Amino acid sequence: MTDFTATRAMFDLPEGVIYLDGNSLGPLPRGVAARVGQAITDEWGQMLITGWNRAGWIDLPARVGDRIGRLIGAVPGSVTMGDTLSIKVYQALASALELRPERRVILSDTGNFPTDLYMADGLCRTLGPDYALKTVAPEAVEDAIDDSVAVLMITEVDYRTGRKHDMARLIAKAHAAGALVVWDLAHSAGAIPVDVTGADADFAVGCSYKYLNSGPGGPAFIYIAPRLAEQVRPALSGWLGHEAPFAFDLDYRPARGVERMRVGTPPILQLAALDAALDVWEGVDMAALRARSLQLQQIFIDKVEAGCRDLIFASPRDADQRGSQVSFRHKEGYAIIQALIAEGVIGDFRAPDILRFGFTPLYLSPEDVARAAEILCDVMARSRWDRPEFKARAKVT
Ligand SMILES: *Cc1c(COP(=O)(O)O)cnc(C)c1O
């Protein structure tokens, strides 16, 4: 049984704050500052360039990748780290398309995160006029899979509504139609149980700074099914994805397996932060995490629906169809979130009208969540959001 009081004690949260935004930027685990400090002082400071070997920096993307692999059901050696998620989306898509040379369509849905769609669109433009990104409503994806589709590109959990696609089902349908699937696990890894092996996923990508708490700008991960990895030809064929980077050959030969998806020099300090942040997950049972997440969500939904009727529930009613976040709609959503933050409850706003709340059992208790709902209802009941300072939009919302 996972002890969530113990995991809570592993985070450094500011006093008086209830943090419902770990789905966007995870908070600071206590071990991170010391580990990054050590990487700076003992490794970079003392070892200088010998740190690549002596401190094992060169293997950090693979070692940390395996730790994330455990959380998403990937076998060791099938996940590596680096770059940003946008880049990893591009790499996975480009390689998947190349594995289906007779086909020209990337299929995605309108609930996908814009950067995924932008990257797909940019890739299609590079490949030529016969390549196209096609988007349909999330509910229509399954029926839109046909034998014109080269790659299905799906974000498992919708960043706005928390709606969750059925991974195994869509993969089975896509494979039957001869298509490959690229999964974006940005709101899945560390949020819900994921089994890329059991679901027979082809490619998966995700970020580490949301539920995995690596800090702002932490590196992304990429998974390739071992059955495919040796066929993959990287579009971004960087030297650290080469079979022998230090041979300095003029010709590119991909490294073994997923290591070929490395591009350039990895961000060692961010990887050290992530490595320490992943200590929190040791001994966490994902089924227990899921049960606790749904319990927290239900407490919040019940209290908000009973106490603030102006907010319209915007997530699936069926808990099985939700990730680890819950959303409500209101036309003054931005100002309401700002007023809520001023009261110590941090959620976020997504245009045009979504108030979004993430539920992260590692550091949130049922009491926290109940209290957050009460504060939200008080903000609504007294129209505390209705002030000019809460309506002025900041650069990042
Ligand atoms: C958060 C998120 C991103 C962010 O991409 P970056 O390159 O890390 O900025 C991309 N896709 C999805 C689905 C996300 O939720």
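Note that the structure is a prediction, hence the values are computed from the model and not measured. (Residues numbered from 1 in each chain as written. Predicted model: local features only at pLDDT ≥ 70, side-chain atom pairs only at ≥ 80, totals over all residues. Heavy atoms only, no water.)

Caption draft 1: Quick look at the pattern of salt bridges. A full pass over the atoms with the stated rule returns 29 salt bridges. Residues Arg 30 and Asp 12 are paired through a salt bridge, measuring 2.6 Å at the closest nitrogen-oxygen approach. Of this pair, Arg 30 sits in helix H2 (residues 30-47) while Asp 12 sits in the loop between helix H1 (4-8) and strand S1 (18-19), and the two are 18 residues apart along the sequence. Classification of Arg 30 by relative accessible area gives partly exposed; the value is 47%. Residue Arg 356 is joined to Asp 348 by a salt bridge in which the shortest nitrogen-to-oxygen separation is 2.7 Å. Residues Arg 356 and Asp 348 agree in their burial class; the two are buried. Through salt bridges with shared partners, a single ionic network connects Arg 35, Glu 43, Arg 63, Arg 67, Asp 275, Asp 279 and Glu 282. (Salt bridge = Lys/Arg side-chain N within 4 Å of Asp/Glu carboxyl O. Helix = DSSP H or I, 4+ residues; strand = E, 2+ residues; numbered from the N terminus. Buried < 20%, exposed > 50% of the residue type's maximum accessible area, 1.4 Å probe, protein only.)

Caption draft 2: Seen up close, the domain arrangement of the protein chain. Structurally, the protein chain comprises domain 1 (4-28 + 285-391) and domain 2 (56-281). Centre-to-centre, using C-alpha coordinates, domain 1 lies 29 Å away from domain 2. Taken over both partners, the interface formed by domain 1 and domain 2 buries close to 2100 Å², and the fraction arising from carbon and sulfur atoms is 63%. Taken together, domain 1 and domain 2 are joined by zero salt bridges. (Domains from an automatic or database assignment. Buried area = accessible area lost by both parts, 1.4 Å probe.)

Caption draft 3: Expanded view of the packing of aromatic side chains. Counted by the stated rule, this structure contains eleven aromatic pairs. Ring centres of Trp 52 and Trp 57 lie 5.3 Å apart, and the angle between their planes is 90°; on these two criteria the pair is classed as edge-to-face. The exposure class of Trp 57 is buried, given its relative accessible area of 8%. Seen in terms of ring centroids, Phe 113 and Tyr 159 are 4.9 Å apart; in terms of plane orientation they differ by 75°. Their pairing is edge-to-face. (Phe/Tyr/Trp six-rings, centres within 6.5 Å; stacked < 30°, edge-to-face > 60°.)

Caption draft 4: Examining helix H10 (residues 268-277) more closely. In terms of residue burial, H10 counts as a mostly covered element, since eight of its ten residues are buried. For H10, the set of buried residues is Ile 268, Leu 271, Ala 272, Ala 273, Leu 274, Asp 275, Ala 276 and Ala 277. Of the surrounding elements, those touching the buried residues of H10 are H2, helix H3 (51-54), helix H4 (60-72) and strand S2 (79-81). (Contact = heavy atoms within 4.5 Å.)

Caption draft 5: Spatial organisation of the site of the ligand. By nearness alone, every residue bordering the ligand is listed as Thr 84, Leu 85, Ser 86, Phe 113, Thr 115, Asp 116, Thr 155, Asp 184, Ala 186, His 187, Tyr 209 and Lys 210. Within the contact set of the ligand, an oxygen atom lies 3.3 Å away from a backbone nitrogen or oxygen of Leu 85. Between an oxygen atom of the ligand and a side-chain N or O atom of Tyr 209, the distance comes to 2.6 Å. Coverage of the ligand by the protein chains reaches 86% of its 390 Å² of free accessible surface. (Near = heavy atom within 4 Å. Polar contact = N/O pair within 3.5 Å; in protein donor to acceptor, adjacent residues only side chain to side chain. Areas by Shrake-Rupley, 256 points an atom, 1.4 Å probe, with all protein chains shown as cover.)

Caption draft 6: Here's a closer look at the environment of Leu 123. You can see Leu 123 is positioned in helix H6 (residues 114-127). For the pair Leu 123 and Leu 133, spaced ten residues apart in sequence, the C-alpha to C-alpha distance is 9.3 Å. Setting aside anything within four residues of it in sequence, one finds Leu 123 in contact with Tyr 90, Leu 93, Ala 94 and Leu 97.

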